[in-house]
Number of protein chains: 2
Amino acid sequence: MGSTTGRRERLRAETTAEIKKVALELMASGGPDAITLRAIAREMGMTANAIYGYFATRDDLVTTLIDNVYTSLAGAVQAAWESAPALDPAARIQAWAGAFRNWALTNPEGFRLVYGDPVPGYRPPAGGAAPDAAHRVCTGLTALAAEAWPYAEPRYADGDFEWSDFDPGLLDKVRPAFPDLPPAAVALALRIWSHLHGLVSLEIYGHLRTQTLSPEKLFRAELTQLIRSLGITAQG
Amino acid sequence: MGSTTGRRERLRAETTAEIKKVALELMASGGPDAITLRAIAREMGMTANAIYGYFATRDDLVTTLIDNVYTSLAGAVQAAWESAPALDPAARIQAWAGAFRNWALTNPEGFRLVYGDPVPGYRPPAGGAAPDAAHRVCTGLTALAAEAWPYAEPRYADGDFEWSDFDPGLLDKVRPAFPDLPPAAVALALRIWSHLHGLVSLEIYGHLRTQTLSPEKLFRAELTQLIRSLGITAQG
DNA sequence: AGGAAAACTATACGGCGTGCAGTTTTCATA
DNA sequence: TATGAAAACTGCACGCCGTATAGTTTTCCT
């Protein structure tokens, strides 16, 4: 009885998963714009309208994809961070940042989906997994900042940041994990993030191509300088 | 005779200008996705196909708009730079960066058009005014870096950058203007740009909203830290 | 005045998201 | 096990889009 009840649900879950899988494949081969309900349905041998049984609207589907992709990014950088030696801030930063750039280069469409203007007219909803993943990313960076803070504090302790300057949802994740960290360190983490994001974003969108022929060298220089600017002297 | 010859050309130029104007208005009110030939034609009381007499394709029109908008951005930051005191690197940087962020906040759709993925399926062409404007932006930043270089050199002179690491078209503009500048300074300028771009891009696309409630404070902190990291001690 | 060229319209095709009505399949219950 | 509701799905339609082709009107040079 319970098994027959579960059958429809199982089929439903499988179909949902297939829709998402096909959508990601379409995105990988044709960019975010290739995510169309009709193309997905064509690929699956269905009618476009059948998808409305699983996602209320195309933007709903895109939101789900963003959530998935963003979560995968957050997992990738977190895994890189964890696999680096714990007491070596420079190595941690390099691992984290390298994983971020590698993920973006491996998955440029995913990067565009998450950080760009993924689909015509799409506007991100308020809640969902994406802000969560963003918080995970930022929390990971805060971990980097926390490990570097003993070195960096004298240089960054100024700046009149207060807890009220940050999103409460982010602080809920950050403050329990790093109780001793001041607001300035969270600001530092955000700024480190923006540095990495800026460079990778320019590279992914091709705006660096008209300037430099070796974005990787630029990225490495950025990391070197970042680590030095944090006052980290140990070798990673 | 010459005047009658010029008449059609004048009308043509006016129509071309109106198409661009209407397109920019549509973009300002409805985002880059609102730039559709049919909407423009509707607004102008024409048929959509009439536009094909002025632009070979929709992407051609978008390219022209990007060129215009990018050029306006380049002009805005350059004007800000020029209006700041010449011997005060900190003030110059603050003026330039502030103008960049202000332009982006005032004209977010333009920012998306220039730095994002402006229109479904659009791929930027190789040449045109956009790379020129990008070079102007980078040259402006190189001017900042050049003014700061006397302070910054000891910290940034390392990094094994060579002239071959950069785009020749960019160097053609940069090297004549700053003959004594080493490649490391150009790399520094690019990195400064990526910092500013990263922060502003996150803010424009709303990815900062899930983290901080005061992006401006973050931006100011970034500038303060940037100026300090360049070794500039004078007050601007 | 006449003819070429330019500007523009009309029509059509295929693609898109999506609403609505109808049909088939699935499954709990009487 | 027959039945009726709910779920899954199809078909059709509408209005949007870019754009190709063909035909029409306007403009200008000779």
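Before going into details, it helps to say that this report is about the structure given with it.

## A look at the packing of helix α3 (residues 58-82) of chain B against helix α5 (residues 108-115) of chain B
Between two packed helices, both the angle of their axes relative to each other and the distance between the axes serve to describe the pair.
Residue and element names in this part refer to chain B.
Thought 1: The contact between α3 and α5 brings their axes to 9 Å, and the two run at 115°. Two packed elements cross with a definite hand, and for α3 against α5 that hand is left-handed. Contacts between α3 and α5 pair V62, L65, I66, V69, Y70 and L73 from the former with G110, L113, V114 and Y115 from the latter.
Thought 2: Its residues assigned to classes, the contact of α3 with α5 comprises nine nonpolar, one polar and no charged.

## Focus: the protein's contact with DNA strand D
Thought 1: By nearness alone, 20 residues border DNA strand D, and N49 and Y54 of chain A together with R38, R42 and N49 of chain B come closest of all.
Thought 2: A distance of 2.4 Å separates a base oxygen of DNA strand D from a polar side-chain atom of N49 of chain A.
Thought 3: A distance of 2.2 Å is found between a base nitrogen of DNA strand D and a side-chain nitrogen or oxygen belonging to R38 of chain B.
Thought 4: The element that contributes the greatest number of residues to the surface near DNA strand D is helix α1 (residues 2-30) of chain B, accounting for four residues.
Thought 5: When the residues that make up the surface near DNA strand D are grouped by side-chain class, the tally is five nonpolar, seven polar and eight charged.

## Focus on the nonpolar core
Most often, soluble globular proteins have nonpolar side chains that are buried together.
Thought 1: The biggest cluster of nonpolar side chains holds 165 residues, and the ones touching the most others in it are I40, Y70, W96 and L230 of chain A together with I40, Y70 and L230 of chain B.
Thought 2: In contact with L230 of chain A, not counting residues within four places along its chain, are I93, A148, Y151, A152, Y156, L188 and I192 of chain A.

## Observations concerning the relation of the copies chain B and chain A
Thought 1: Rotating chain B by 180° and moving it 0.0 Å along the rotation axis overlays it on chain A with an RMSD of 0.1 Å. Accordingly, the operation relating the two chain copies is best matched by a two-fold axis. Rotation axis and chain B: the residue whose C-alpha lies nearest the axis is G198 of chain B, separated from it by 1.7 Å.
Thought 2: Comparing interface residues between copies, 100% of those in chain B also sit at the interface in chain A, which points to an isologous, same-surface contact.

## Notes on the environment of W149 of chain B
Residues and elements named next belong to chain B.
Thought 1: Here W149 is to be found in helix α6 (residues 129-156).
Thought 2: Its relative accessible area of 6% is what places W149 among the buried residues.
Thought 3: Sequence-wise, W149 and R38 are 111 residues apart; in three dimensions their C-alpha atoms are separated by 51 Å.
Thought 4: Those residues in contact with W149, other than ones at most four positions away along the chain, are Y156, A157, L181, P182, A184, A185 and L188.

## Some words on the interface of chain B and chain A
Thought 1: Between chain B and chain A, the contact holds 48 residues from the first and 48 residues from the second.
Thought 2: Buried surface at the junction of chain B and chain A, summed over both partners, amounts to about 4500 Å²; 53% is from carbon and sulfur atoms.
Thought 3: Counting across the chain B and chain A interface gives four salt bridges.
Thought 4: Taking the shortest distance from any N to any O, the salt bridge between R191 of chain B and E222 of chain A comes out at 2.6 Å.
Thought 5: Looking at the side of chain B that touches chain A, the elements with two or more residues in it are α5, α6, α8 (183-204) and α9 (215-229) of chain B.
Thought 6: Tallying contributions element by element places α8 of chain B first for the side of chain B that touches chain A, with 11 residues.
Thought 7: For the side of chain B that touches chain A, a count of residues per class yields 19 nonpolar, 15 polar and 14 charged.

## What to know about the protein's contact with DNA strand C
Thought 1: Lining the immediate environment of DNA strand C, one finds 21 residues, of which R38, R42 and N49 of chain A together with N49 and Y54 of chain B sit closest.
Thought 2: When atoms of DNA strand C within 4 Å of the protein are sorted by moiety, sugar and phosphate together comprise 62%.
Thought 3: Residue R58 of chain A places a main-chain N or O atom 2.9 Å away from a phosphate oxygen belonging to DNA strand C.
Thought 4: Residue R12 of chain B places a side-chain N or O atom 2.9 Å away from a phosphate oxygen belonging to DNA strand C.
Thought 5: Put simply, the parts of the chain that give the surface near DNA strand C at least two residues each are α1 (2-30) and α2 (37-44) of chain A together with α1 of chain B.
Thought 6: It is α1 of chain A that provides the largest number of residues to the surface near DNA strand C, a total of four residues.

## Section: the side chain of R101 of chain B
Thought 1: Within the element layout of this structure, R101 of chain B appears in helix α4 (residues 89-106).
Thought 2: By relative accessible area, which is 8% here, R101 of chain B ends up buried.

## Regarding α4 of chain B
Residues and elements named next belong to chain B.
Thought 1: For α4, with 18 residues, the first-to-last C-alpha span of 25 Å sits near the 26 Å given by 1.5 Å per residue.
Thought 2: Those residues of α4 that sit buried are P89, A90, A91, R92, I93, W96, A97, A99, F100, R101, W103 and A104.
Thought 3: Contacts from the buried residues of α4 go to α3, α5, α6, α8 and α9.

## Focus on the side chain of Q211 of chain B
Thought 1: You can see Q211 of chain B is positioned in the loop between α8 and α9.
Thought 2: Beyond its immediate sequence surroundings of up to four residues, Q211 of chain B is in contact with A134, H135, C138, F166, D167, L170, L190 and W193 of chain A.

## Digging into the environment of A90 of chain A
All names here are of chain A.
Thought 1: Of note, A90 is situated in helix α4 (residues 89-106).
Thought 2: Here A90 falls in the buried class, since its relative accessible area comes to 4%.
Thought 3: For A90 and T233, which are 143 residues apart along the polypeptide, the C-alpha to C-alpha distance reads 8.6 Å.

Calculation rules
Residues numbered from 1 in each chain as written. Chains lettered and ligands numbered in written order. Predicted model: local features only at pLDDT ≥ 70, side-chain atom pairs only at ≥ 80, totals over all residues. Heavy atoms only, no water. Axes fitted to C-alpha atoms, helices over the stretch in contact; angles between N-to-C directions. Helix = DSSP H or I, 4+ residues; strand = E, 2+ residues; numbered from the N terminus. Left-handed = near helix turned anticlockwise from the far one by under 90°. Contact = heavy atoms within 4.5 Å. Nonpolar A, V, L, I, M, F, W, Y, C, P; charged D, E, K, R; others polar. Near = heavy atom within 4 Å. Polar contact = N/O pair within 3.5 Å; in protein donor to acceptor, adjacent residues only side chain to side chain. Core = buried A, V, L, I, M, F, W, Y, C linked by side-chain atoms within 4.5 Å. Buried < 20%, exposed > 50% of the residue type's maximum accessible area, 1.4 Å probe, protein only. Least-squares fit on C-alpha atoms with pLDDT ≥ 70 in both. Buried area = accessible area lost by both parts, 1.4 Å probe. Salt bridge = Lys/Arg side-chain N within 4 Å of Asp/Glu carboxyl O. Expected span 1.5 Å × (residues − 1).

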